[in-house]
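# Descriptive analysis of the structure
The chain contents come next:
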Amino acid sequence: LFVTGLLLVVHIALFAFRGRNLRAGLVATIVILLAGYFAASVFLETRSAEIFDLTQSNSWQARQEAHHEALRVIETNPLLGGFGYYLGDSKGYAHNILSAWAEYGLVGFLMFIGLMLYALGVSGKQVLFRSLCPPVWIIAFQFNLVALVLALTSEPILASVFPALGWGFTVQALRSERQGRASMPTNQP
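Residues numbered from 1 in each chain as written. Predicted model: local features only at pLDDT ≥ 70, side-chain atom pairs only at ≥ 80, totals over all residues. Heavy atoms only, no water.

### Section: the overall build of the chain
Where we set the bar: Counting from the N terminus, the helices are DSSP H or I runs at least four residues long and the strands are E runs at least two residues long. Only protein chains enter the accessibility calculation, which uses a 1.4 Å probe. A residue is then buried if its area is under 20% of the maximum for its type, exposed if over 50%, and partly exposed in between. In this description, contact between two residues means that some pair of their heavy atoms is separated by no more than 4.5 Å.
Helices and strands together make up the secondary structure of the chain, namely 6 helices and 0 strands. Mapped from its N terminus to its C terminus, the chain presents α and β elements in the order α-α-α-α-α-α. For the chain, the residues scored as buried account for 33% of the 189 residues in total. Look at the contacts in the chain between residues 6 or more apart in sequence, and 58% of them connect residues 24 or more apart.

Below you can see the structure in the form of structure tokens.
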């Protein structure tokens, strides 16, 4: 829910105020603000509203215990981690990027975060600095941004499809770029 809101804000910031889209950007901003205003009362009655008082959330308490267990695994075996540490009499797995370190060790963690940052950087560069950005780059950027935000805040690597989707769309976008350059005619005399 919160990442969807973030994507709306990012899209408005990146695309709605470019070039001739100023009027559409203003309309989109007003519509989203009005929708947020009218949906606030419904939101406050949902489980998502627990974010305003995490100390009272049972889910948050359980996640904190799992987080501390992952830190213990990392402290005990920082280089190799503890593959499957969350099985058995465990508190569960960390619901953030620490699950990569606890599960796969330091090298796996560095590879995971490196791939996430590389894919986000490559796709972000394309989206930010191209005036006409192909949709595959926009999709890659969205998945990579969502993957990073969820990895930092709420999703374990074992349950997340977003990193793989982001990496896959980034590779597809890079392949499309290379194929496009290869098929362009050269001006030879």
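### Looking at a nonpolar patch on the surface
How we decide: Like-charged residues are merged into a patch within 9 Å and nonpolar side chains (Val, Leu, Ile, Met, Phe, Trp, Tyr) within 5 Å, provided each residue has over 30% relative accessible area and no salt bridge. Each accessible area is a Shrake-Rupley estimate made with a 1.4 Å probe; only the visible protein chains count as cover when residues are assessed. Each salt bridge in this description consists of a side-chain nitrogen of Lys or Arg and a carboxyl oxygen of Asp or Glu lying within 4 Å of one another.
Residues Ile30, Leu34, Tyr37 and Phe38 make up a contiguous nonpolar surface patch of roughly 500 Å² in combined accessible area. Looking at where Phe38 falls in the secondary structure, it is placed in helix 2 (residues 22-43). With relative accessibility at 60%, the residue Phe38 sits in the exposed group.

### Here we look at the packing of aromatic side chains
Just so we agree on the cut-off: Pairing of aromatic rings covers Phe, Tyr and Trp, the last through its six-membered ring, and needs centres within 6.5 Å; plane angles under 30 degrees mean stacked, over 60 mean edge-to-face, and all others mean tilted.
Enumeration over the complete set of coordinates arrives at 5 aromatic pairs. Taking 5.0 Å as the distance between ring centres and 25° as the angle between the ring planes, the aromatic pair formed by Trp101 and Phe109 counts as stacked. Residue Phe109 is classed as buried on the basis of its relative accessible area, which comes to 13%. Where Phe143 meets Phe169, the ring centres are 5.5 Å apart and the plane angle is 35°; that geometry is what we call tilted. In this pair, Phe143 is assigned in helix 5 (residues 135-153) and Phe169 in helix 6 (residues 162-183), connecting sequence segments 26 residues apart.

### Some details on the packing of helix 4 (residues 98-129) against helix 5
Heads up, the condition is: For helices, the fitted axis covers only the stretch in contact; all axes are lines through C-alpha atoms, and the angles between them, taken along N-to-C directions, range from 0 to 180 degrees. Each angle is binned into one of four classes, with values under 35 degrees roughly parallel, values over 145 roughly antiparallel, values of 65 to 115 roughly perpendicular, and all other values oblique. Handedness of each helix crossing follows the sense of rotation of the near helix against the far helix: counterclockwise by less than a right angle gives left-handed, clockwise gives right-handed. Each residue is assigned to one class: nonpolar for Ala, Val, Leu, Ile, Met, Phe, Trp, Tyr, Cys and Pro, charged for Asp, Glu, Lys and Arg, and polar for all the others, Gly among them.
The N-to-C vectors of helix 4 and helix 5 enclose an angle of 140°; their axes lie 8 Å apart at closest approach. The angle between helix 4 and helix 5 falls in the class oblique. You can see that helix 4 and helix 5 cross each other, and the crossing is left-handed. Across the interface between the two elements, Met116, Leu117, Ala119, Leu120, Val122, Ser123, Gly124, Gln126 and Val127 of helix 4 pack against Trp137, Ile138, Ala140, Phe141, Asn144, Leu145, Ala147, Leu148 and Ala151 of helix 5. Per-class residue counts for the contact of helix 4 with helix 5 are 14 nonpolar, 4 polar and no charged.

### As for the environment of Gln172
Among the secondary structure elements, Gln172 is positioned in helix 6. By relative accessible area, Gln172 is classed as partly exposed at 36%. C-alpha separation for the pair Gln172 and Trp137, spaced 35 residues apart in sequence, amounts to 8.8 Å.

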